[in-house]
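# Secondary and tertiary structure notes
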Amino acid sequence: SEEIERHEYDVVVIGAGGAGLRAAIEARAQGKRTAIISKSLFGKAHTVMAEGGCAASMGNVNPNDNWMVHYRDTMRGGKFLNNWRMAELHAKEAPDRVWELETYGALFDRTADGKISQRNFGGHTYPRLAHVGDRTGLEMIRTLQQKVVSLQQEDYAETGDYEANIRVFHETTITELFKDGDRIAGCFGYYRSTGGLVRFDAPAIVLATGGVGKSYQVTSNSWEYTGDGHALALRAGATLINMEFLQFHPTGMVWPPSVKGILVTESVRGDGGVLRNSEGKRFMFEYVPDVFKDQYATTEEEGDRWYTDADNNRRPPELLPRDEVARAINSEVKAGRGSPHGGVFLDIASRLSPEEIQKRLPSMYHQFKELADVDITKEPMEVGPTCHYVMGGVEVEPDSAMSKVPGLFAAGEVAGGMHGSNRLGGNSLSDLLVFGRRAGAGASEYVDGLAGVRPAVRIDDVTSAQERALLPFSNAVEGGENPFVVQLELQKTMNDLVGIIRKADEMEQALKAVQDIATRAKSVAVEGGRAFNPGWHLALDLRNMLLVSLCVAKAALERQESRGGHTRDDYPAMDADWRHLLLVLSANGEDDVHLVRQEQVPMRPELLDLFEMDELKKYYTGEELGGHRAGEA
Ligand code: FAD
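Residue numbers here run from 1 along each chain, matching the order of that chain's written sequence. Where totals are concerned, whole chains, interfaces and linings use all residues; where local detail is concerned, this predicted model gives features only for residues with pLDDT of at least 70, and gives and counts side-chain atom pairs only at 80 or more. Working from all heavy atoms in the structure, the side-chain values ignore hydrogens and water.

### Notes on the packing of helix α1 (residues 18–29) against helix α12 (residues 427–449)
Each pair of packed helices can be described by the angle between their axes along with the distance between the axes. For the pair α1 and α12, the least separation of the axes is 7 Å and the interaxial angle reads 40 degrees. In terms of their interaxial angle, α1 and α12 are classed as oblique. Seen along the crossing, α1 lies across α12 with a hand that is right-handed. Residue-level contacts link G18, A19, R22, A23, E26 and A27 of α1 to L432, L433, G436, R437, G440, A441 and S444 of α12. A fitted line through C-alpha atoms serves as each axis, taken over the contacting stretch for helices, and the angle formed by two N-to-C directions is quoted from 0 to 180°. Only DSSP runs of H or I covering at least 4 residues are called helices, and only runs of E covering at least 2 are called strands; the numbering of each starts at the N terminus. Geometric relationships in this document are graded by angle, where less than 35 degrees denotes roughly parallel, more than 145 denotes roughly antiparallel, 65 to 115 denotes roughly perpendicular, and other angles denote oblique. Definitions for this section: a left-handed crossing has its near helix turned counterclockwise from the far helix by less than a right angle. A right-handed crossing has that turn clockwise. Contacts are residue-level and defined by heavy atoms, with any inter-residue pair within 4.5 Å sufficient.

Right under this line is the structure:
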């Protein structure tokens, strides 16, 4: 039988975006032999696509900013469903992680006095996003990669081998995790370029695989985001939380059809862009929800003054958290006030000079010019919601990033909890750095704790992983389904039935459809050889997409309220009785997704004290607040 390539490491990091690279750098720094594995080319990850910036309360532009303000904004953005400990660690550690990036060689845009510049973004009280034009992710990935290379050069100087302590396996897709008893023992995958199979024996694995957006038809996500890490974790016995919460970014391109879903950065609004309907009206003023009424401008004049005098005016409602803006756009289009191609207008042309637009938003300028033949310095853009980010992910212990499975860690978009029901823009890049570092440290500490006694990979498990990976080829003989057709059906089902506005009967229909598609997917067949065979790759990805979609639909059907990235037509209000409940998913084997309700750990009292009682009352039940600051009116 076929020889399977074998490698041994202390820590294997699956994913080479910001979370994976930061985790690997940390594990290597702690003296661990580390592998970085990525399905795409090294450098090609969602992180590289990030535009707007990285949120950290450095207070460079407004000195009133600090971790407590950032913490409050993050909890409000997530409608108080966030894991408060993760939000606390994130708010406290983000500035250090950004400064540290500069020690690796990053160069962010500057303020006039030479500090790292920070820009405004939805839901953030002060200008907070460290950025490099609208190409922040590119600088972040470039820097982290450069750091990996410099560590490899250090190792070469010492050992004569660049890859002695840190090695990158790119275009390598992991399809299975191995366990020894209840512990992680390794993983299995294939090289995309040759189709060769490979196994990694390692006591600690960090999942940093990013999101799940490719299960939706209209998405800003690219082909890699098939929920692999979510599914690998589930099958290994870990749990997922918050899977009902998906972020539909309010502004994706809507036209031409070939580029529908591609992101239009929130920086356009942060830098002054406004949303208008077909009647020319700035409709967002009509959509400020009660919980945010005190924090947003009520007139266009006040909103406009805020850009130059933020201390004495309230922010414009175009900068509400993303879930609010996406729902508002959806309502305007439904009410017949949309743009010709079914979106709304995003206007920066009448707000900034052409020079300013080209300087601040160079990628957006080129994106619209090249893809839609629209000059955004002269005309408005047409935009609409696009599936962008999954708040849900692997349930982890906040400080170490370890999942329920000993030796299995998760960081970045694949981890759940940090963002609650809705993520604020800019809070992902900082999340990657903070929890990437923590996962690398957690994995190292775990390996140290094993004191040399390593879990062993069972040969039977390797054989079944191999059989499973090659199954689509044997199906071909029996004439199975085409994976591309199956994927399209899944994407349409999720888009139409578990999309931005949800109803019980539609989600029940979706659950059934996803289960039917999953049955059919078992017999997807591919032809041709194993080298660079996209049909084969997709056939294997589908298994993950289906499992994750089942989780999303199941959790969405269960949660009978609307909150953040989960909007129910049949339960339109936010309900305090649901705030303290997490929906926890586990899987007994392939398709058997199990859901339980779990109480959230209550917020530490001194963190609760950072909020006014009047605000807490909008989110918490009276019973929960009963004992807190007793006697306060
Ligand atoms: P990613 O960067 O997505 O990397 C995932 C890695 O896992 C990749 O290397 C991939 O190849 C690998 N992988 C996946 N599956 C497998 C497998 N089975 N085997 C091996 N490898 C695998 N956030 C912000 O904070 N600010 C912004 O301005 C911003 N702008 C954005 C703009 C766009 C267009 C998009 C799409 C997102 C944006 N986000 C932004 C969100 C943010 O970029 C992502 O949430 C974040 O980059 C995710 O990082 P990650 O490290 O978790 O994963």
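Still more to cover.
### As for the side chain of Q487
Looking at the element boundaries, Q487 is found in helix α14 (residues 483–497). Apart from residues lying up to four places away in sequence, Q487 is in contact with K214, L538, L542 and M545.

### A look at the pattern of salt bridges
Salt bridges are defined by distance alone: a side-chain nitrogen of Lys or Arg within 4 Å of a carboxyl oxygen of Asp or Glu. The final tally for this structure, using the stated rule, is 61 salt bridges. Between E8 and R6 there is a salt bridge, with the nearest N and O atoms lying 3.9 Å from each other. Between E176 and R543 there is a salt bridge, with its nearest N and O atoms 3.2 Å apart. On the criterion of sequence distance, the pair formed by E176 in strand β8 (residues 172–180) and R543 in helix α16 (residues 534–558) is long-range, its members being 367 residues apart. Here the term buried applies to any residue with accessible area under 20% of the maximum for its type, exposed to any over 50%, and partly exposed to those in between, with areas from a 1.4 Å probe on protein chains only. Owing to a relative accessible area of 15%, E176 belongs among the buried residues under this scheme. A single salt-bridge network, built from bridges that share partners, covers R85, E88, K92, D399, R604 and E606.

### Notes on unusual backbone geometry
Residue P256 is bonded to the preceding W255 through a cis peptide linkage, with omega at -5 degrees. A positive phi angle is found at A401, which is not glycine, with a value near 65 degrees. Structurally, A401 is set in the loop between β17 (393–394) and β18 (408–410). Of note, the phi angle at F532 is positive, near 35 degrees, even though the residue is not glycine. Within the element layout of this structure, F532 appears in the loop between α15 (504–521) and α16. Under the relative-accessibility criterion, F532 is labelled partly exposed at 47%.

### Brief notes about the sheet that holds β8
Spatial strand order, β1-β10-β9-β8: four strands in an open sheet with mixed pairing. Either end of the sheet is taken by a strand with one partner, and the two such strands are β1 (5–8) and β8. The mean inter-strand angle of the sheet, taken between neighbouring strand axes irrespective of direction, is 25 degrees. Here, a strand pair is defined by DSSP locating no fewer than two bridges between the strands. Bridge count between β1 and strand β10 (residues 197–201): four bridges; the pairing is parallel.

### A look at the pairing of strand β15 (residues 344–347)
Regular strands show a simple pattern: their side chains alternate between the two faces of the sheet. Alignment of strand β14 (residues 274–276) against β15, held across three bridges, turns out to be antiparallel. Note that in β15 the partner of V274 across the bridge is D347. In terms of strand pairing, β15 meets strand β16 (residues 381–390) through three bridges, oriented antiparallel. Bridge pairing links F345 to E382 in β16.

### Side note on the packing of aromatic side chains
Stacked, edge-to-face and tilted labels apply to pairs of Phe, Tyr and Trp rings (six-membered ring for Trp) whose centres lie within 6.5 Å, assigned for plane angles under 30 degrees, over 60, and everything in between, in that order. Inspection of the entire model under this criterion finds 16 aromatic pairs. Where F178 meets F188, the ring centres are 6.3 Å apart and the plane angle is 65 degrees; that geometry is what we call edge-to-face. Separated by ten residues along the polypeptide, F178 in strand β8 and F188 in strand β9 (residues 183–191) bring together distant segments of the chain. Both residues of the pair, F178 and F188, belong to the buried class.

### Side note on the packing of helix α6 (residues 228–235) against α16
Two elements in contact, α6 and α16, have axes separated by 8 Å at closest approach and are oriented at 75 degrees. One element, α6, and the other, α16, form an angle in the roughly perpendicular class. Between α6 and α16, the residues in contact are D228, H230, A231, L234 and R235 and D541, R543, N544, L547, V548 and C551, respectively. Charged means Asp, Glu, Lys or Arg here, nonpolar means Ala, Val, Leu, Ile, Met, Phe, Trp, Tyr, Cys or Pro, and polar covers whatever is left, Gly included. For the contact of α6 with α16, the per-class residue count stands at five nonpolar, two polar and four charged.

### A word on the nonpolar core
Definition of nonpolar core: a set of buried residues of the types Ala, Val, Leu, Ile, Met, Phe, Trp, Tyr and Cys, connected through side-chain atoms within 4.5 Å. Residues V12, L408 and V498 are the most contacted members of the largest nonpolar core, which totals 136 residues. It is α16 that contributes the most residues to this core, 16 residues altogether. Discounting residues that sit within four places of it in the chain, V498 has contacts with Y216, T493, M507, A510, V552, A553 and A556. Formed by 45 residues, the second largest nonpolar core is a distinct cluster that contains F283, F292, V383 and F611.

### Details of α1
Expected helix span is given by 1.5 Å per residue-to-residue step, counting one fewer step than there are residues. The first and last C-alpha atoms of α1 sit 16 Å apart over twelve residues, in line with the 16 Å expected at 1.5 Å per residue. Burial analysis of α1 places eleven of its twelve residues in the buried class, the great majority of the element. Backbone geometry just downstream of α1 places G31 in the positive-phi region, at approximately 85 degrees.

### Let's talk about the pairing of strand β3 (residues 34–37)
Neither face of β3 is exposed, since T34 and I36 on one face and A35 and I37 on the opposite face are all buried. Viewed with both strands pointing away, a crossover whose connecting path from the first strand over the helix to the second turns clockwise is right-handed. The parallel pair strand β2 (residues 11–14) and β3 is bridged by α1, and the resulting crossover is right-handed. In this sheet, strand β7 (residues 166–169) lies alongside β3 in parallel orientation, the contact comprising four bridges. Paired with T34 across the bridge in β7 is I166.

### Remarks on the site of the ligand
Put simply, a residue is near a molecule or strand once any heavy atom of it comes within 4 Å of that molecule or strand. Inspection of the region around the ligand gives 38 residues, with S40, T47, G52, D228 and E413 positioned closest. Distance and chemistry together define a polar contact, namely a pair of N or O atoms within 3.5 Å, with one atom able to donate a hydrogen and the other to accept it when in protein, and with adjacent residues in sequence counting only for side-chain atoms on both sides. Here G53 contributes a backbone N or O atom positioned 2.9 Å from a nitrogen atom of the ligand. In the environment of the ligand, an oxygen atom lies 2.9 Å from a nitrogen or oxygen atom belonging to the side chain of S428. Note that accessible areas follow from Shrake-Rupley with a 1.4 Å probe, and for residues the cover is restricted to the protein chains shown. In isolation the ligand exposes 1000 Å². Once the protein is present, 98% of that is buried. Of all the secondary-structure elements, those providing two or more residues to the shell around the ligand are α1, α2 (46–49), β8, β16 and α12. Considering every element that reaches the shell around the ligand, the biggest residue donor is α12, with four residues. In the shell around the ligand, the residues fall into 14 nonpolar, 19 polar and five charged.

### A word on the sheet that holds strand β4 (residues 54–55)
Reading across the sheet, the three strands line up as β4-β6-β5 and stay open at both edges, with antiparallel pairing between neighbours. Each having just a single partner strand, β4 and β5 (118–119) make up the two edges of the open sheet. Across two bridges, the pairing between β5 and strand β6 (residues 129–130) is antiparallel. Pairing of Q118 across the sheet is with A130, part of β6.

### What to know about helix α13 (residues 459–478)
Side chains of residues three or four places apart in an α-helix project in the same direction, reflecting 3.6 residues per turn. With 20 residues, α13 ought to run about 28 Å at 1.5 Å a step, and its terminal C-alpha atoms sit 29 Å apart, in line with that. We define the bend at each residue as the angle formed by axes fitted to the 7 residues ending at it and the 7 residues starting at it. The axis of α13 is deflected most strongly, by about 50 degrees, at L471, and proline P472 appears within four residues downstream. D461, V462, A465, Q466, A469, L470, P472, F473 and N475 are the residues of α13 that are buried. Those residues of α13 that are buried are in contact with β8, β9, β10 and α16. G479 occupies a position one or two residues after α13 and carries a positive phi of about 70 degrees.

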